[in-house]
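# Chains, contacts and geometry: an overview
Here is what each chain is made of, one letter per residue.
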Amino acid sequence: MEMLVASAIGATTAAGIYLILRLRTFAVVLGMTMLTYAINAFLFTTGRLVVNLPPILQDHAAGGHATYTDPLPQALVLTAIVISFGMTAVVVMMALGSFIEGGDDRINMPDDDYIMPPLKTVDDQKPEDETA
């Protein structure tokens, strides 16, 4: 079971990174979402992979072997899901605004941005006339 979950997390991470490196805004948004899913799954598995066990300690006083899952990663994942949903909505609105303004969802720099203007230093400034 651990190998299956680790493989799924790895595949989701690889797909997310691949999509983030594409030069389209929609693919970048999907890649960030997939990377968020992979991180959430990783955090969830840090709480222990067990089936049909509650996230609380039971029958510990009876001397039995205490088996439970850690509830802290579950709470962290729930919080992360809410935050990532909100941030995805913000990024989608920014990408939509860029698409409407530019007419395309490609991530390209204009040619003017490649050429850096000459930097001005203190020595390049002209002295002011001192007529008093």
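Residues numbered from 1 in each chain as written. Predicted model: local features only at pLDDT ≥ 70, side-chain atom pairs only at ≥ 80, totals over all residues. Heavy atoms only, no water.

## Observations concerning the overall build of the protein
Heads up, the rule is: The secondary structure listing takes helices from DSSP runs of H or I that are at least 4 residues long and strands from runs of E that are at least 2 residues long, numbered from the N terminus. Each residue is assigned to one of three classes by its accessible area relative to the maximum for its type, calculated with a 1.4 Å probe on protein chains only: buried under 20%, partly exposed between the two thresholds, exposed over 50%. We call two residues in contact whenever any of their non-hydrogen atoms come within 4.5 Å of each other. A 1.4 Å probe and the Shrake-Rupley method give the accessible areas. Residues count as covered only by the protein chains that appear here.
In terms of helices and strands, the protein carries four helices and zero strands. In the protein, the succession of helices and strands from N to C terminus is α-α-α-α. For the protein, with 132 residues in total, the buried portion stands at 14%. A fraction of 51% describes how many contacts in the protein between residues 6 or more apart in sequence connect residues 24 or more apart. If you sum the accessible surface of the protein, you get close to 10,800 Å²; carbon and sulfur atoms cover 67% of it.

## Some remarks on the pattern of salt bridges
For the record, the criterion: What makes a salt bridge here is a side-chain nitrogen of Lys or Arg within 4 Å of a carboxyl oxygen of Asp or Glu, nothing more.
Enumeration over the complete set of coordinates arrives at two salt bridges. The salt bridge involving R24 is made with D105; its shortest N-O contact spans 2.7 Å. With a gap of 81 residues between them, R24 in the loop between α1 (2-20) and α2 (25-45) and D105 in the loop between α3 (71-102) and α4 (111-114) connect regions that are remote in the sequence. In this structure R24 comes out as partly exposed when scored by relative accessible area, which is 28%. Take D105: its relative accessible area is 14%, and that puts it in the buried class. The salt bridge involving D104 is made with R106; its shortest N-O contact spans 3.9 Å. R106 gets classed as partly exposed once you look at its relative accessible area, which sits at 46%.

## Focus on the packing of α2 against α3
Our working definition: Only the stretch in contact is used when fitting a helix axis, every axis being a line fitted to C-alpha atoms; angles between N-to-C directions are given from 0 to 180 degrees. Here roughly perpendicular refers to angles of 65 to 115 degrees, roughly parallel to angles under 35, roughly antiparallel to angles over 145, and oblique to all remaining angles. Side-chain classes are defined by residue name, with Ala, Val, Leu, Ile, Met, Phe, Trp, Tyr, Cys and Pro counting as nonpolar, Asp, Glu, Lys and Arg as charged, and the others, Gly among them, as polar.
Packing of α2 against α3 leaves a shortest axis separation of 10 Å and a crossing angle of 175°. Judged on the interaxial angle alone, α3 and α2 are roughly antiparallel. Of the residues in α3, those touching α2 at T25, V29, T33, T36, N40, L43 and F44 are P73, Q74, V77, A80, I81, S84, T88, V91, V92 and A95. Of the residues belonging to the contact of α2 with α3, the class tally is 10 nonpolar, seven polar and no charged.

## Considering α3
Operational definition: By definition here, a helix of n residues has an expected span of 1.5 Å times n minus one.
Taking 1.5 Å of rise per residue, 32 residues should cover 46 Å, and α3 covers 46 Å from first to last C-alpha, within 8% of that figure. For α3, the full list of buried residues reads P73, V77, S84 and A95. Just downstream of α3, G103 is the residue with a positive phi angle, here 80°.

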